[in-house]
Amino acid sequence: QVQLVESGGGLVQAGGSLRLSCAMSGRTLSIYGMGWFRQAPGKEREFVAAISRSGSSTYYSDSVKGRFTISRDNAKNTVYLQMNSLKPEDTAVYYCAADRWASAATLSQSNEYDYWGQGTQVTVSQ
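Residues numbered from 1 in each chain as written. Predicted model: local features only at pLDDT ≥ 70, side-chain atom pairs only at ≥ 80, totals over all residues. Heavy atoms only, no water.

Asks: I'd like a description of the overall build of the protein, backed by residues and values.
Replies: Along the protein, the regular secondary structure elements total zero helices and eleven strands. N-terminal to C-terminal, the α/β element order of the protein is β-β-β-β-β-β-β-β-β-β-β. Here the protein has a C-alpha radius of gyration of 13 Å; the compact-globule value for 126 residues is 14 Å, and the two agree. Based on the C-alpha atoms only, the size of the protein along its principal axes is roughly 40 × 25 × 25 Å. A total of 126 residues make up the protein; the buried ones form 44% of that total. In the protein, 12 side chains carry a positive charge and 10 a negative one; their mean positions are 6 Å apart. (Helix = DSSP H or I, 4+ residues; strand = E, 2+ residues; numbered from the N terminus. Rg over C-alpha atoms; globule rule 2.2 N^0.38 Å. Buried < 20%, exposed > 50% of the residue type's maximum accessible area, 1.4 Å probe, protein only. Lys, Arg positive; Asp, Glu negative; His and termini not counted. Charge placed at Lys NZ, Arg CZ, Asp CG, Glu CD.)

Here it is as structure tokens:
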């Protein structure tokens, strides 16, 4: 029933910016906490950023804090990830995820999420 579709990935130079979008269909976005995760080849999937159901609280990994911004527009059923000052280390497949029973304790944990998008590739060149 629930489908998440990411868009906005691509190839950018180090120091550049990119904005990812994730649109939900099948259910209203407002009942889900939303998160972004990423996975580089040969590495575990890691937490990037998350946002509470109302958008009042946000969470970031230390590696992206100050550079990335997560936001949501519940009226559009869409969550965003604005990525600035990109580094080659940010290269990965980025996944959008939805957490039906979200809380501050769950939003950084991939195992707590109920639905996942297909992923979008972000490549940062030197």
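Asks: Requested: an account of the packing of aromatic side chains, with residues and values cited.
Replies: Here the structure, examined in full by the defined rule, presents five aromatic pairs. For the pair phenylalanine 37 and tryptophan 116, a centre-to-centre distance of 5.1 Å together with 55 degrees between the ring planes defines the contact as tilted. Here the residue phenylalanine 37 occupies a position in strand E4 (residues 33-39), and tryptophan 116 occupies one in strand E10 (residues 115-116), the gap between them amounting to 79 residues. Residue phenylalanine 37 is classed as buried on the basis of its relative accessible area, which comes to 1%. Over the ring of tyrosine 80 we find arginine 19; its NZ or CZ atom is 4.0 Å from the centre of that ring. Geometry around tyrosine 95 places arginine 45 over its ring, the cationic atom sitting 4.0 Å from the centre. (Phe/Tyr/Trp six-rings, centres within 6.5 Å; stacked < 30°, edge-to-face > 60°. Lys NZ or Arg CZ within 6 Å of the ring centre and 35° of its normal.)

Asks: So what's going on with the pattern of salt bridges? Which residues, and what values?
Replies: When the charged atoms of two side chains lie near each other, side chains of opposite charge can form a pair. The full count for this structure, using the stated rule, is four salt bridges. One salt bridge connects glutamate 46 with arginine 38, and the closest N-O pair in it is separated by 2.7 Å. Aspartate 90 is the salt-bridge partner of arginine 67, the closest N and O atoms lying 2.8 Å from each other. Pair noted here: arginine 67 is in the loop between strand E6 (58-60) and strand E7 (68-73) and aspartate 90 is in the loop between strand E8 (78-83) and strand E9 (92-99), with a separation of 23 residues, a long-range link. Accessibility expressed as a relative area gives 11% for arginine 67, which makes it buried. A residue is classified by how much of its surface remains accessible, and aspartate 90, at 2% relative accessible area, is buried. In this structure, a network of salt bridges that share partners links the residues Arg38, Glu46, Arg67 and Asp90. (Salt bridge = Lys/Arg side-chain N within 4 Å of Asp/Glu carboxyl O.)

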